[in-house]
Amino acid sequence: MRPVITIESLSKKYRLGQTHTDLLSEKIGNRLRKLAGKLGKGNPSDAQKTRPAENEIWALKDVNMEIHEGEVVGVIGRNGAGKSTLLKILSRITEPTSGRVTYEGRVGSLLEVGTGFHHELTGRENIYLNGAILGMTKTEINRKFDEIVSFSEIERFLDTPVKRYSSGMYVRLAFAVAAHLEPEILIVDEVLAVGDAAFQKKCLGKMQDVSSGGRTVLFVSHNMTAVKELCNRAIWLDGGCLVNSGKTDAIVTQYLHENARSIHEQEWPNRDTAPGNDKVRLRRASLAMEDGGGPISIRTPVQIEIEYWNALPGAELLVSLYLYNIDGTCVFNSDSSPCIYPSGVIREICHIPGNLLNDGTYRVAITIVKDRFHGIYRLEDLLVFDVQDVEREVHWYGKWDGVVRPELDWTSEFIGQSRTDPGLAERS
Amino acid sequence: MNVKTDLSPLAAVPRRKTVIVPSKGWISLNLKEIWSYRELLGILAWRDVSVRYKQSIVGIGWAIIQPVMTMIIFTIIFGKFAKLPSDGIPYPVFTYCALLPWNYFARSLGDSSDSLVGSAHLVTKIYFPRIILPVSKVFAGLIDLSIAFIILLGMMAWYRMVPTVGIVLLPVFIVIAMLAALGVGLWFTALNVLYRDVKFVVPFLIQFWMYASPVAYSTSIIPDRWKWVYGLNPMVGVVEGFRWALLGKTAPLISMFLIPILMIFVVLISGLYFFKRMEKTFADII
């Protein structure tokens, strides 16, 4: 079989300083300050310090692969593995830093449902708008219009502005338009994780139709069940590199197994070689679950224990714990209570309650702080652990949004019959 | 991004072959591709117009109220109190005729410079030539211009004025106004993505620019030896063009028409290249 997509040593570099926009006034200000530093007696190193550190991140590094006609390929990997970057390059949203991609035919990309939907416009108007944005011609939309409407099951609300739609109706309409896109290559990013169970099934069916029609599908998902069900081949990315690719079942199994690897305990029995300095040295760090071993779920309370040798008798010490998620976002930073200890071993335990963290991989870093502000030792990646999702009661399997996922108290009450309008009828 | 598309004659079903490689240096504008996205351009312009009038209570009247109110205040302040010359044309008609292209320019510039940042959700999720967004704003503004134009015809009838034969060239000046708005708009659209404080600069610039353009006054008050400097303002050509085509008011050809129009093309072509050069980074930094 001939490859429809050929990817050759594809790389994409992001500059961290570049990922947020600058202020023009700031830039001009910096220039002036630098100039003033050069001219006057000002300290030029001050101006140097104001420049943000330009950290480079390779979102994709030297990826090679071929995808053949009619294949349904699942792209899997942790967050930050480069999956989205790959899809964005293939859909030409962003440009590669080096390497090349060759493909044949039209590419349709669904990186989200309802791209470009406008709340003030009616369902009918949004079908045309969204269709055009996805790359359909007006004649094409006209031809498929009835089919799209009946697929979405929103006939009655076709002339209602979509701002009055329930979220379910909105998603159904959006997906109906997308599902009728007929490109030779379809790129889908996690969009199946929307809608109710019945509609999800319908979408999966529609996608299967797409692949049996000889079309090629690239599908990114964290939902391994969906990947196994839909894809005949899987591609596993990690840290921007291709780890492996092949039959879906084998790759998914390998991926799940590999991802279980984490650091739940580290111990340094020898004080002289333990990480630290002449003030403090680490002895042990570990993760303890209150309900014994087993995988950590979003409901499991977790204890992080840290033991260290103190060589600063009389100093007021505390441990500052940083928890990072896989994207490198600091989820929280928490300090132990400052205390004065004699020299010897100190143990600090941080209790993270259940129902706080979202599912995902977390890294623990600590800083040992003297006199409440003076950091005397810092260690990254002390512990690495995964928090798993639990069976949900709702029929929705997508990644739960949010850095954290706390269980909060809600007060719900019925406050009387209100005047309903037709658009609100389906809203629950 | 350098994207080459061609029809492969060897395949049983001819399919486009596309190559994606990093772009280097100055790239071609690829006008052919922009043409192939004309339906999207049309639908985005239609969306802007339709949403604008759906959301406001006054609806279509808004396109009339704005220039008419400005015309009234200018007539009172500049026409009656300051007694600025209007070259023998009734002051209300004189200033309203200039407000048509000026308001069009100001609105299109404001809208287009916001167009990319305002559509960040599109830019990061789907590919299309990014230039479609500012271009669609320039087209959407034409609706307001046409509505306001009808009022001008009414005013001219009231003052018993007949348009000169120059009116046949009005479409040319409208196209020039579009090119002026697009040229300046492209610069600010791209700068707005790169530097977030540009959005505060644009409203100020528009306000400042209006007084540097012959909207409330006539170019006849500019001393002759400074006329060519004044003509470096591209909007001079557009405004004077409207006055010439509709009211028959003449102005020196070189300083009031040729220099400004040349400036429009300088701004437009440099804007196109600047935009195109920045285009590849938009999705990464927006």
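Residues numbered from 1 in each chain as written. Chains lettered and ligands numbered in written order. Predicted model: local features only at pLDDT ≥ 70, side-chain atom pairs only at ≥ 80, totals over all residues.

Considerations on the overall build of chain A
Logical step 1: Scanning chain A from terminus to terminus reveals nine helices and 19 strands.
Logical step 2: Counting only residues that meet the buried cut, chain A has 34% of its 428 residues in that class.
Logical step 3: In chain A, the proportion of contacts linking residues at least 24 apart, taken out of those at least 6 apart, comes to 71%. (Helix = DSSP H or I, 4+ residues; strand = E, 2+ residues; numbered from the N terminus. Buried ≥ 20, exposed ≤ 12 C-beta atoms within 10 Å, placed from the backbone. Contact = placed C-beta atoms within 7 Å.)

A word on the interface of chain A and chain B
Logical step 1: Contacts between the two partners involve 39 residues from chain A and, on the opposite side, 34 residues from chain B.
Logical step 2: Those elements that provide at least two residues to the side of chain A that touches chain B are helix H1 (24-39), strand S4 (98-104) and helix H4 (123-134) of chain A.
Logical step 3: Of all the elements, S4 of chain A adds the most residues to the side of chain A that touches chain B, at six residues.
Logical step 4: For the side of chain A that touches chain B, a count of residues per class yields 14 nonpolar, 15 polar and ten charged.
Logical step 5: Inspection of the sheet shows S4 of chain A paired to strand S2 (residues 16-21) of chain B by four bridges, in the antiparallel sense. Residue pairing for S2 of chain B: glutamate 104 of chain A is matched across the bridge by lysine 17 of chain B. (Nonpolar A, V, L, I, M, F, W, Y, C, P; charged D, E, K, R; others polar. Pairing = 2+ DSSP bridges.)

Section: the sheet that holds strand S10 (residues 265-267) of chain A
Each strand in a sheet pairs with another by means of backbone hydrogen bonds, the pair being arranged parallel or else antiparallel.
All names here are of chain A.
Logical step 1: Strand order in the open sheet formed by four strands is S10-S11-S13-S17, with antiparallel pairing between adjacent strands. Each edge of the open sheet is held by one strand with a lone partner, namely S10 and strand S17 (344-352). Each neighbouring strand pair of the sheet contributes to a mean axis angle of 20°, computed without reference to strand direction. (Axes fitted to C-alpha atoms, helices over the stretch in contact; angles between N-to-C directions.)

Considerations on the domain arrangement of chain A
Many descriptions give the size of an interface as the accessible area lost when the pieces come together.
All names here are of chain A.
Logical step 1: Per the domain assignment, the segments of chain A are domain 1 (12-56), domain 2 (57-259) and domain 3 (265-388).
Logical step 2: Taken together, the contact between domain 1 and domain 2 spans six residues of the former and eight residues of the latter.
Logical step 3: Here the element with the most residues in the side of domain 1 that touches domain 2 is strand S1 (residues 3-15); it accounts for three residues. (Domains from an automatic or database assignment.)

Looking at the nonpolar core
Logical step 1: One finds Phe219 of chain A together with Cys97, Phe105 and Ala177 of chain B to be the most contacted residues of the largest nonpolar core, which totals 144 residues.
Logical step 2: For this core, the element with the highest residue contribution is helix H7 (residues 170-194) of chain B, accounting for 15 residues.
Logical step 3: Listed in part, the 25 residues of the second largest apolar core include Leu282, Leu321, Val364 and Val369 of chain A. (Core = buried A, V, L, I, M, F, W, Y, C linked by C-beta atoms within 7 Å.)

Points about helix H5 (residues 138-152) of chain A
Residue and element names in this part refer to chain A.
Logical step 1: Approximately 55° is the largest bend angle found in H5, and it occurs at lysine 144.
Logical step 2: Within H5, the full set of buried residues consists of Ile141, Lys144, Ile148, Phe151 and Ser152.
Logical step 3: On its buried face, H5 is in contact with H4 and helix H6 (167-179).
Logical step 4: Just beyond H5, the residue with positive phi is glutamate 153, at close to 60°. (Bend = angle between axes of the 7 residues up to and from the residue.)

A short note on H4 of chain A
Residue and element names in this part refer to chain A.
Logical step 1: Here H4 spans 16 Å end to end across twelve residues, near enough to the 16 Å set by a 1.5 Å rise per residue.
Logical step 2: For H4, the tally of buried residues reaches eleven of twelve residues, placing the bulk of the element in the interior.
Logical step 3: Glycine 135 sits one or two residues past H4 and shows a positive phi near 105°. (Expected span 1.5 Å × (residues − 1).)

Quick look at the environment of proline 203 of chain B
Residues and elements named next belong to chain B.
Logical step 1: Mapping proline 203 onto the fold places it in helix H8 (residues 198-211).
Logical step 2: Accessibility expressed as a C-beta count within 10 Å gives 13 for proline 203, which makes it partly exposed.
Logical step 3: Between the C-alpha atom of proline 203 and that of arginine 107, which follows or precedes it by 96 residues, the distance is 9.9 Å.

Describing the packing of helix H10 (residues 234-247) of chain B against helix H11 (residues 253-285) of chain B
Residue and element names in this part refer to chain B.
Logical step 1: Across the interface, H10 lies against H11 with an axial gap of 7 Å and an inter-helix angle of 125°. Here H10 lies oblique to H11, going by the angle between them. Crossing of H10 against H11: the hand is left-handed. On H11, the residues touching Pro234, Val236, Gly237, Glu240 and Gly241 of H10 are Met256, Phe257, Pro260, Ile261, Met263, Ile264 and Val267.
Logical step 2: Here the contact of H10 with H11 is composed, by residue class, of nine nonpolar, two polar and one charged. (Parallel < 35°, antiparallel > 145°, perpendicular 65-115°, else oblique. Left-handed = near helix turned anticlockwise from the far one by under 90°.)

Concerning unusual backbone geometry
Working note: non-glycine residues mostly have negative phi, and peptide bonds are mostly trans.
All names here are of chain A.
Logical step 1: Phi is positive for arginine 92, which is not a glycine, with a value near 65°.
Logical step 2: Position of arginine 92 among the secondary structure elements: in the loop between helix H3 (83-90) and S4.
Logical step 3: Classification of arginine 92 by C-beta neighbours within 10 Å gives partly exposed; the count is 18.

Side note on the environment of valine 384 of chain A
Residues and elements named next belong to chain A.
Logical step 1: Within the element layout of this structure, valine 384 appears in strand S19 (residues 374-388).
Logical step 2: Considering only alpha carbons, one finds valine 384 and lysine 88, 296 residues apart in sequence, at a separation of 29 Å.
Logical step 3: Once residues lying within four places of it in the same chain are set aside, the contact partners of valine 384 are Ser262, Ile263, Thr361 and Arg363.

Quick look at the confidence of the model for chain A
Residue and element names in this part refer to chain A.
Logical step 1: Averaged over all residues, the pLDDT of chain A equals 82, while 82% of them reach at least 70.
Logical step 2: Per-element confidence in chain A ranges from a low mean pLDDT of 42 for helix H2 (residues 44-49) to a high of 94 for S17.
Logical step 3: Note on residues 41-53: pLDDT under 50 across the span, and twelve contacts to partners over four residues away in sequence or across chains. (pLDDT = per-residue confidence, 0-100.)

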